[in-house]
Amino acid sequence: MCVDLDGTLVHTDLLHESVLALLRRKPLHLLLLPLWLLRGKAHLKREIARRVEVDVTRLPYDARVLALLDEAATRPRVLCSASDRAFVDAVAAHVGGFDAALGSDGDTNLGGARKAQALVARYGERGFDYVGDATADVAVWEHARRAIAANASPRVLARLRRSRTVDAVIERRDGAWRAAVRALRPHQWSKNLLVYVAAIAAHRVFEPDALYATTLAFVAFCLCASGAYVFNDLVDLDADRRHPRKRARPFAAGRLSIAAGLVAAPLLVFAGFALASLLPSRFAFVLGLYVATTFAYSLLLKRVVLVDVIVLAALYTLRIVAGAVAIPVDASGWFLAFAMCLFLSLALVKRYAEVHRVAASAQASVAGRGYRAAHLAWIGSFGAAAAGTSLLVLALYVDSTKSAALYRHPHWLWLLLPLLGAWLLRVWSLTRRGRMHDDPVVFALTDVPSLAVLAGFIATVAMAA
């Protein structure tokens, strides 16, 4: 029983996994990929495998193929793949029960016809059953006693049926389109509603031109944010697979291919900038700053303690700035300072929730982050300080001449302080008790008391205006 690895035994491709690992750990080495490829695909795989490790214990294995291997326990079982032999050996050792493991050795890329030759040389013509999924596997199936297709596309199955009888089929998993939509994280688009804040604060939200420009800005941010989320999920594969909830994300679970993500991320960003070209050039600059910061966060900044939460707060605030330049209108310094402090507190809520969960499970640190369980106390202190500072800045704004110039009854704005203070107190109370969602913004949009506070905010601003 000979089983392919990439796309068959696991719902991923180890070459793609290892390239992403290289991007995470040694990004400058990506410049060497074309030079390595000039010496052949096998050499490329070997050079990458020498520099990175892939955690094979957390790969998305196909339980149906594992069950097929268990059924063949009385026969020799062989794992044969075009992946580098170092990764093939590691997978074979983890899964167990294999009598042999064959892979690319740096000189020979063990795929397609070369894999067929190797298996025929070992077991003879029609001396083995073969389980595969790709077009390259057709050359192997032609020499196999039984052809078993696992996770093969309709195109591959049609080609296989033209060449021989298909003895068994393990169907591809359904729901690729649902997984693709999930990967875009449409529930996170609510954060981009912040681009409307400047128009609301300037009392221009009902002006047709301002509403049109702000809506374009919102859609552009949604596209770029989705591209950034896809890129982040690709870079964060290893950490997501260690997380109790994030391991179900489409790329981490193997519901979507890494190749699809590498194509989708830049296309989404490009589409966002295409829309941005219809708005003032300053908006495109702010959007570019947002995208560059998001990508830098995914690659590096998320692993730097304290810097990561400052960056998250800045990304929220940039949405408000983008909405202001899209209209255009001058963004209030008071309001931006308030937003930065508020979002810094919420970013610290996010980190506190993650570290609290780690501490409760007796783990030492948060996977893919620089935080340790011992950081819990100061994260809480910094978060409370940022919350208090946001209330102070809001109070100073309400008492300033700026609010008097914009609102007919600015004294109503004082009601915002107890509303916001009560909400922040509730958020931090739930967080310290371990009852906070990983993302406090998502929590706020699904929590009834939080929605009531939002309604109170809107009513208060309306009365002041």
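For the structure itself, look to the data block above.
What links the strands of a sheet is backbone hydrogen bonding, and the strands pair in either a parallel or an antiparallel sense. The strand order across the open sheet built from six strands is β3-β2-β1-β4-β5-β6, with neighbouring strands paired in parallel fashion. Each of the sheet's edge strands pairs with one partner strand only, and the pair in question is β3 (100-104) and β6 (168-170). Sheet topology note: the strand β1 (residues 2-3)/strand β4 (residues 129-132) ladder contains two bridges and is parallel. Considered in β4, the bridge of V3 is made with V131. Contacts between helix α5 (residues 85-95) and the sheet are confined to β2 (78-84) and β3, with β2 contributing the most and set at about 145 degrees to the helix.

Summarising the element assignment, T12 is placed in the loop between β1 and α1 (14-25). A relative accessible area of 11% means that T12 is categorised as buried. The residues touching T12, leaving out its near neighbours within four places in the chain, are D6, G7, E17, L59, P60, R241 and I258.

Turning to α5, its buried residues number three or more, namely F87, V88, V91 and A92. The buried residues of α5 occupy an angular sector of 135 degrees when projected down its axis, which confines them to one face. Residues of α5 that are buried in the fold lie against α1, α3 (41-51), β2 and β3. Capping the start of α5 is the job of one residue whose side-chain oxygen sits 3.0 Å from the backbone nitrogen of A86: D84. After α5 finishes, the residue G96 shows a positive phi value of roughly 80 degrees.

A surface patch of positive charge is lined by R173, R178, R182 and R255. By the element assignment, R182 lies in helix α9 (residues 176-184).

Turning to unusual backbone geometry, a few remarks are in order. For the bond from I327 to P328, the omega torsion is -5 degrees, close enough to zero to count as cis. Within the secondary structure, P328 is located in the loop between α15 (307-326) and α16 (333-360). Although it is not a glycine, R126 adopts a positive phi angle of roughly 60 degrees. By the secondary structure assignment, R126 is in the loop between α6 (113-123) and β4. Backbone geometry places L306, a non-glycine residue, at a positive phi of 75 degrees. The topology assignment puts L306 in the loop between α14 (281-299) and α15.

In this section: the packing of aromatic side chains. Counted according to the given criterion, the structure contains ten aromatic pairs. Taking 6.3 Å as the distance between ring centres and 35 degrees as the angle between the ring planes, the aromatic pair formed by Y371 and W378 counts as tilted. Residue classification places Y371 among the buried residues on the basis of a relative accessible area of 1%. Among the aromatic residues, those joined into a ring-pair cluster are F221, F283 and Y290.

Moving on, we get to the packing of helix α17 (residues 376-398) against helix α19 (residues 416-432). Where α17 contacts α19, the two axes come as close as 10 Å, and the packing angle between them is 170 degrees. With respect to their mutual orientation, α17 and α19 come out roughly antiparallel. Contact with α17, carried on its side by I379, G380, S381, G383, A384, A387, S390, L391, L394 and A395, involves L416, L417, L420, G421, L424, W428 and R432 of α19 and no other residues of that element. Per-class residue counts for the contact of α17 with α19 are eleven nonpolar, five polar and one charged.

Rules behind the numbers
Residues numbered from 1 in each chain as written. Predicted model: local features only at pLDDT ≥ 70, side-chain atom pairs only at ≥ 80, totals over all residues. Heavy atoms only, no water. Pairing = 2+ DSSP bridges. Helix = DSSP H or I, 4+ residues; strand = E, 2+ residues; numbered from the N terminus. Contact = heavy atoms within 4.5 Å. Axes fitted to C-alpha atoms, helices over the stretch in contact; angles between N-to-C directions. Buried < 20%, exposed > 50% of the residue type's maximum accessible area, 1.4 Å probe, protein only. Arc of directions from axis to C-beta. Polar contact = N/O pair within 3.5 Å; in protein donor to acceptor, adjacent residues only side chain to side chain. Patch = residues over 30% accessible without salt bridge, like charges linked within 9 Å, V, L, I, M, F, W, Y side chains within 5 Å. Areas by Shrake-Rupley, 256 points an atom, 1.4 Å probe, with all protein chains shown as cover. Salt bridge = Lys/Arg side-chain N within 4 Å of Asp/Glu carboxyl O. Lys, Arg positive; Asp, Glu negative; His and termini not counted. Charge placed at Lys NZ, Arg CZ, Asp CG, Glu CD. Phe/Tyr/Trp six-rings, centres within 6.5 Å; stacked < 30°, edge-to-face > 60°. Parallel < 35°, antiparallel > 145°, perpendicular 65-115°, else oblique. Nonpolar A, V, L, I, M, F, W, Y, C, P; charged D, E, K, R; others polar.

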